[in-house]
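Listed below, chain by chain, are the residues.
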Amino acid sequence: MPGQHLLAAYAPTVGAVLAQVKVDASTNEHKAALTLLGILPLRGKVVVGDAMFCQRDLAEEVVGAGGDYVLTVKDNQPGLGIDIRAGFAFETAARSIAAATSPWGSASARPEPHRHDRR
């Protein structure tokens with residue numbers, strides 16, 4: 001008798017499987033993951049998945065339920081990798097511009113906040 005292919009949601013901080021669903025032979029883990037996400041309380045939680053789950057509909061499901069996600073991106077999605085690197089580069093450039101145009105310059109040149117002496 002063959003075994004069953006299951007997809008589980010695992011909570012590493014408590015070392016427990018929260019839920020699991022069967023992966024039908026006619027589909028793949030991506031579709032089972034959508035089902036699994038639909039039965040979990042995701043508000044305020046972070047969902048972590050490998051590259052197999054780096055799909056727009058999965059990300060939308062997590063965010064739509066009030067959660068966040070961390071998904072691995074691999075070289076088989078080159079456009080997505082480029083977009084992510086560009087996003088981080090933009091953020092770095094924006095911070096550099098903000099620091100250069102700030103009246104205080106860099107963070108180390110900012111005046112110390114006023115402290116009350118309690119003598």
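See the structure above.
Here is a short report on the structure shown in this document. Source: prediction; values computed, not measured. (Residues numbered from 1 in each chain as written. Predicted model: local features only at pLDDT ≥ 70, side-chain atom pairs only at ≥ 80, totals over all residues. Heavy atoms only, no water.)

Points about the pattern of salt bridges
Inference 1: Under the criterion given, the structure shown has one salt bridge.
Inference 2: A salt bridge links glutamate 91 to arginine 95, with the nearest nitrogen and oxygen atoms 2.9 Å apart. Taken together, the residues glutamate 91 and arginine 95, both in helix 3 (residues 78-101) and four residues apart, mark about one turn of the helix.
Inference 3: Assessed through its relative accessible area of 37%, glutamate 91 is described here as partly exposed.
Inference 4: With relative accessibility at 59%, the residue arginine 95 sits in the exposed group. (Salt bridge = Lys/Arg side-chain N within 4 Å of Asp/Glu carboxyl O. Helix = DSSP H or I, 4+ residues; strand = E, 2+ residues; numbered from the N terminus. Buried < 20%, exposed > 50% of the residue type's maximum accessible area, 1.4 Å probe, protein only.)

What about the pairing of strand 3 (residues 46-49)?
Inference 1: Side chains of strand 3 alternate between two faces, with Val47 and Gly49 buried and Val46 and Val48 left unburied.
Inference 2: Chirality of the crossover, the property in question, places the unit of strand 3, helix 2 (residues 56-64) and strand 4 (residues 68-71) among those that are right-handed. (Right-handed = clockwise from strand over helix to strand, strands pointing away.)

Digging into the packing of helix 1 (residues 29-39) against helix 2
The packing of two helices is summarised by the inter-axis angle and the distance between the axes.
Inference 1: Running from amino to carboxyl end, helix 1 crosses helix 2 at an angle of 5°, the nearest separation of the two axes being 10 Å. Relative to helix 2, the element helix 1 lies roughly parallel. Contacts between helix 1 and helix 2 pair His30, Lys31, Ala33, Leu34, Leu37 and Gly38 from the former with Asp57, Leu58, Glu61 and Val62 from the latter.
Inference 2: Class assignment for the residues of the contact of helix 1 with helix 2 results in five nonpolar, two polar and three charged. (Axes fitted to C-alpha atoms, helices over the stretch in contact; angles between N-to-C directions. Parallel < 35°, antiparallel > 145°, perpendicular 65-115°, else oblique. Contact = heavy atoms within 4.5 Å. Nonpolar A, V, L, I, M, F, W, Y, C, P; charged D, E, K, R; others polar.)

A look at the environment of aspartate 57
Inference 1: Inspection of the secondary structure assignment puts aspartate 57 in helix 2.
Inference 2: Looking at aspartate 57, the relative accessible area reads 27%, which means it is partly exposed.
Inference 3: For aspartate 57, the contacting residues outside a window of four places in its chain are His30, Lys31 and Leu34.
Inference 4: There is a polar contact of 2.8 Å between the side chain of aspartate 57 and the side chain of histidine 30. (Polar contact = N/O pair within 3.5 Å; in protein donor to acceptor, adjacent residues only side chain to side chain.)

Observations concerning the nonpolar core
Inference 1: Among the nonpolar cores identified, the biggest contains 17 residues, and Leu7, Leu36, Leu37, Leu40, Leu42 and Phe53 are the most heavily contacted of them.
Inference 2: It is helix 1 that contributes the most residues to this core, four residues altogether.
Inference 3: Aside from chain neighbours lying at most four places away, what touches leucine 7 is Ala19, Gln20, Val21, Val23, Glu29, Ala32, Ala33, Leu36 and Phe53. (Core = buried A, V, L, I, M, F, W, Y, C linked by side-chain atoms within 4.5 Å.)

No statement about biological role is implied by the geometric values presented.
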